[in-house]
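Chain by chain, the residues run as shown.
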Amino acid sequence: MKPFTYERAETPAQAAAAASKPGAKFLAGGTNLLDLMKLQIETPTHLIDIGRIGLDKIEPTPDGGLRIGALVRNTDLAADPRVRTEYAILSRALLAGASGQLRNKATTSGNLLQRTRCPYFYDTNQPCNKRSPGSGCSAIAGFSRQLAVIGSSDACIATHPSDMAVAMMALDALIETVKPDGKTRGIPISEFYRLPGKTPHLETTLEKNELITSVLLPAPLGGIHVYHKVRDRASYAFALVSVGAILLKDGSGKIALGGVAPRPWRNVSAEKLIQTGAKEFTSRLLEGARPTQENAFKLSLVQRTIEGVLTENRS
Amino acid sequence: MIGELVIKRASKISVECEIKNKHMENENGSAGITRREMLAGTAVAVTALAITRVTGLEAAPASPIVTPVESAGVSFNVNGKAVDLEMDTRTTLLDVLREHLHLTGTKKGCDHGQCGACTVLVNGRRINSCLSLALQHQDDSIITIEGIGTPENLHPMQSAFIKHDGYQCGYCTPGQICSAVAVLEEIKAGVPSHVSTELMGPMEFTNAEFRERMSGNICRCGAYSNIAQAAAEVAGVTG
């Protein structure tokens, strides 16, 4: 790791203000940031530890929703009784990811902000437009089996690795933030992640030094909650394809995909086709897909997984 | 001036090597210089040249290159004992435990949170100590394998690992034991897992649950089935 100075923030406001220091980054759990710092992919010169600024609560909101603090650990979020009963898709998604040790340390905001595991992003000997803008994309003509089939560009085909984010996309989560000047705002998760386009190094719509304070879930929808993750191993592996689904009594549903795109992939207007059938729905959902030869299998894998989820969970 | 001296010194070493080489050639395979000595001699010669190139031809004596290092302080509790440390900010909890506190039971397997050999308990929770900065643990209570039990006073999980042959090389074992101890607590506390059929309700120790919950601890020797047996015994589940 490159040398850095370190401070422990005491409040969200103080953390956001401290972030204006050049080369500063927030440190929450650190399970992704420290991994990248050891490889010198991330090179902050100043770390602001936000582990103890009081953002570790899960609280109900007046309209029946749930506000999840940015520093809530993944284990605690998955195990929360309200999440398990009313937002089970979120619990299932969290439990499908990482390992027990990682879930105990990783946080809500860190999970949203974690970076791709594309092997070329990780290999600092290889050209990578995300890591070094303009250097090229080694993945497009390389080993791309695990990478994106949709939402990608000629500059980058990296996927977002988070399971939690897929569930939050299906749940229409709102990401709440505070800026250094103290102003707060809420960013719908559907507007939080940027697609790579020509600038794969820009991953979210957060402004510089903007701190995520919480994630807001709307009032529970009921219905059947499923998170089906297809991967090479039974545990402790990233998704090739994952399907997060909320299936409601009236036959409608909300479905988001993981493992196939630079962000959780959802198409709200396509969801009216869920009742028509998996084939029609998947076809709309994956319209415009540009897979590589190595990952084209994901297109039929998505359809079959959605078919399975719908068949197994329809009464 | 220094440059000249250096060249002479390097030459002297090369000459020594040459003499030794000739000695080897003449001797037809008996005694003489070994490959190891030859390589060591060459390396010294190359190093001598390299070091002096760095310092150039100034008259001043060579000084080491110093990378500025940031330090900070932290205090926490390890195995019941209070510690107060000042170290490079980059020091992970794993490195503080092993290098500064000489608690070498916890192992560095991958240093990237993928193998679980570095698992320790922090405030009762298992984490990968390689992906945590020591500085993040102000006032925390940390238990390493040394605090789980000792040869004179084994933890039941340690006895069970011995009884059920739960290790071969032993490298992953401290992490396996710390993790397994924590898994039993997690099950008791009702924390669900990926394989739990019901998200709510009491969690049970089953082989499937144990294997899922331990998926962050890998074992190249493949002692998995014996580890699972050991944990099952401690959990009071037989068969």
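Now for a quick tour of the structure. Treat the numbers as computed from the prediction; the structure is a model and nothing was measured.

**Quick word on the overall build of chain A**
Within chain A, the regular secondary structure consists of eleven helices and eleven strands. Over its C-alpha atoms chain A spans a radius of gyration of 19 Å, differing by no more than 12% from the 20 Å that the globule rule assigns to 315 residues. Taken over the C-alpha atoms alone, chain A extends approximately 55 × 50 × 35 Å along its principal axes. Within chain A, buried positions represent 59% of all 315 residues. A separation of at least 24 residues holds for 61% of the contacts in chain A among residues at least 6 apart in sequence. About 12,600 Å² of surface is accessible on chain A, with carbon and sulfur atoms providing 52% of the total.

**Here we look at the interface of chain B and chain A**
One frequent convention defines the size of an interface as the accessible area lost when the parts assemble. The interface of chain B with chain A comprises 43 residues on the first partner and 42 residues on the second. For the interface between chain B and chain A, the tally reads three salt bridges. Taking the shortest distance from any N to any O, the salt bridge between A:D76 and B:R125 comes out at 2.3 Å. Across the contact surface, chain B and chain A share 27 residue pairs in polar contact (both at pLDDT 80 or more). Within the residue set of the side of chain B that touches chain A, elements represented by two or more residues are strand 1 (71-78), strand 4 (125-128) and helix 6 (173-188) of chain B. With four residues, strand 4 of chain B is the largest single contributor of residues to the side of chain B that touches chain A. For the side of chain B that touches chain A, a count of residues per class yields twelve nonpolar, 22 polar and nine charged.

**A closer look at the packing of helix 5 (residues 156-163) of chain B against helix 6 of chain B**
Residue and element names in this part refer to chain B. Their axes nearest at 10 Å, the elements helix 5 and helix 6 cross at an angle of 125 degrees. When the axis of helix 5 is compared with that of helix 6, the two are oblique. In this structure, the crossing between helix 5 and helix 6 has a hand that is right-handed. Taken together, the residues of helix 6 that come into contact with helix 5 (itself represented by M157, Q158 and F161) are T173, Q176, I177, A180, V181 and L184. Of the residues belonging to the contact of helix 5 with helix 6, the class tally is six nonpolar, three polar and no charged.

**Digging into the sheet that holds strand 11 (residues 253-258) of chain A**
All names here are of chain A. Judged by pairing direction, the sheet is antiparallel, and its three strands sit side by side in the order 9-10-11 without closing on themselves. The open sheet has two edge strands with one neighbour each: strand 9 (224-230) and strand 11. Taken over all neighbouring pairs, the strand axes of this sheet differ in orientation by 10 degrees on average, direction set aside. One ladder, built from six bridges, connects strand 10 (residues 241-247) with strand 11; its direction is antiparallel.

**Points about unusual backbone geometry**
Backbone geometry places A:N209, a non-glycine residue, at a positive phi of 70 degrees. Structurally, A:N209 is set in the loop between strand 7 (184-188) and strand 8 (211-217). Assessed through its relative accessible area of 17%, A:N209 is described here as buried. Positioned with a positive phi, B:D165 is a non-glycine residue whose angle comes to about 55 degrees. Within the secondary structure layout, B:D165 lies in the loop between helix 5 and helix 6.

**Describing the sheet that holds strand 2 (residues 24-27) of chain A**
All names here are of chain A. Strand order across the open sheet formed by three strands is 1-3-2, with parallel pairing between neighbours. Two strands bound the open sheet, and with one partner strand each, they are strand 1 (5-8) and strand 2. Each adjacent strand pair in this sheet contributes to an overall mean axis angle of 25 degrees, direction not counted.

**Considerations on helix 8 (residues 224-234) of chain B**
Residues and elements named next belong to chain B. Among all positions in helix 8, only I227, A228, A230, A231 and A232 are buried. Of the surrounding elements, those touching the buried residues of helix 8 are helix 5, helix 6 and helix 7 (207-213). Positive backbone phi, at 80 degrees, marks G236, one or two positions downstream of helix 8.

**Comments concerning the state of the cysteines**
Cysteine pairs can be covalently joined through their sulfur atoms, and such a bond is termed a disulfide. All names here are of chain B. One pass over the full model with this rule turns up zero disulfides over all chains. A disulfide-free cysteine, C118 has its sulfur positioned 3.7 Å from the sulfur of C130, the nearest such atom. Judged by its relative accessible area of 3%, C118 is buried. C118 provides the cysteine sulfur closest to C178, a residue in no disulfide bond, and the two sulfurs are 10 Å apart. For C178, a relative accessible area of 1% gives the class buried.

**Thoughts on the pairing of strand 3 (residues 119-122) of chain B**
Residue and element names in this part refer to chain B. Side chains T119 and L121 of strand 3 all project onto a buried face; the interleaved residues V120 and V122 project onto the opposite face, where all are buried too. In this sheet, strand 4 lies alongside strand 3 in antiparallel orientation, the contact comprising four bridges. Bridge assignment links V122 to a residue of strand 4, and that residue is R125. Inspection of the sheet shows strand 3 paired to strand 5 (residues 141-143) by two bridges, in the antiparallel sense. Pairing of V122 across the sheet is with I142, part of strand 5.

**What to know about the pattern of salt bridges**
Using the criterion set out here, one finds 27 salt bridges over all chains in the structure. In this structure, B:D111 engages A:K38 in a salt bridge whose closest nitrogen and oxygen atoms are separated by 2.8 Å. You can see B:D111 sitting in the loop between helix 3 (93-100) and strand 3 and its partner A:K38 sitting in helix 2 (residues 33-38), one on each of two chains. Close ionic contact of A:R52 with B:D140 constitutes a salt bridge, the shortest N to O distance being 3.6 Å. With one member in each of two chains, A:R52 in the loop between strand 3 (46-49) and strand 4 (58-60) and B:D140 in the loop between strand 4 and strand 5 form a pair that bridges those chains. Residues joined in a network through salt bridges with shared partners are A:K25, A:E42, A:R115, A:K130 and A:E203.

Cut-offs used in this document
- Residues numbered from 1 in each chain as written.
- Chains lettered and ligands numbered in written order.
- Predicted model: local features only at pLDDT ≥ 70, side-chain atom pairs only at ≥ 80, totals over all residues.
- Heavy atoms only, no water.
- Helix = DSSP H or I, 4+ residues; strand = E, 2+ residues; numbered from the N terminus.
- Rg over C-alpha atoms; globule rule 2.2 N^0.38 Å.
- Buried < 20%, exposed > 50% of the residue type's maximum accessible area, 1.4 Å probe, protein only.
- Contact = heavy atoms within 4.5 Å.
- Areas by Shrake-Rupley, 256 points an atom, 1.4 Å probe, with all protein chains shown as cover.
- Salt bridge = Lys/Arg side-chain N within 4 Å of Asp/Glu carboxyl O.
- Polar contact = N/O pair within 3.5 Å; in protein donor to acceptor, adjacent residues only side chain to side chain.
- Nonpolar A, V, L, I, M, F, W, Y, C, P; charged D, E, K, R; others polar.
- Axes fitted to C-alpha atoms, helices over the stretch in contact; angles between N-to-C directions.
- Parallel < 35°, antiparallel > 145°, perpendicular 65-115°, else oblique.
- Left-handed = near helix turned anticlockwise from the far one by under 90°.
- Pairing = 2+ DSSP bridges.
- Disulfide = S-S within 2.5 Å.

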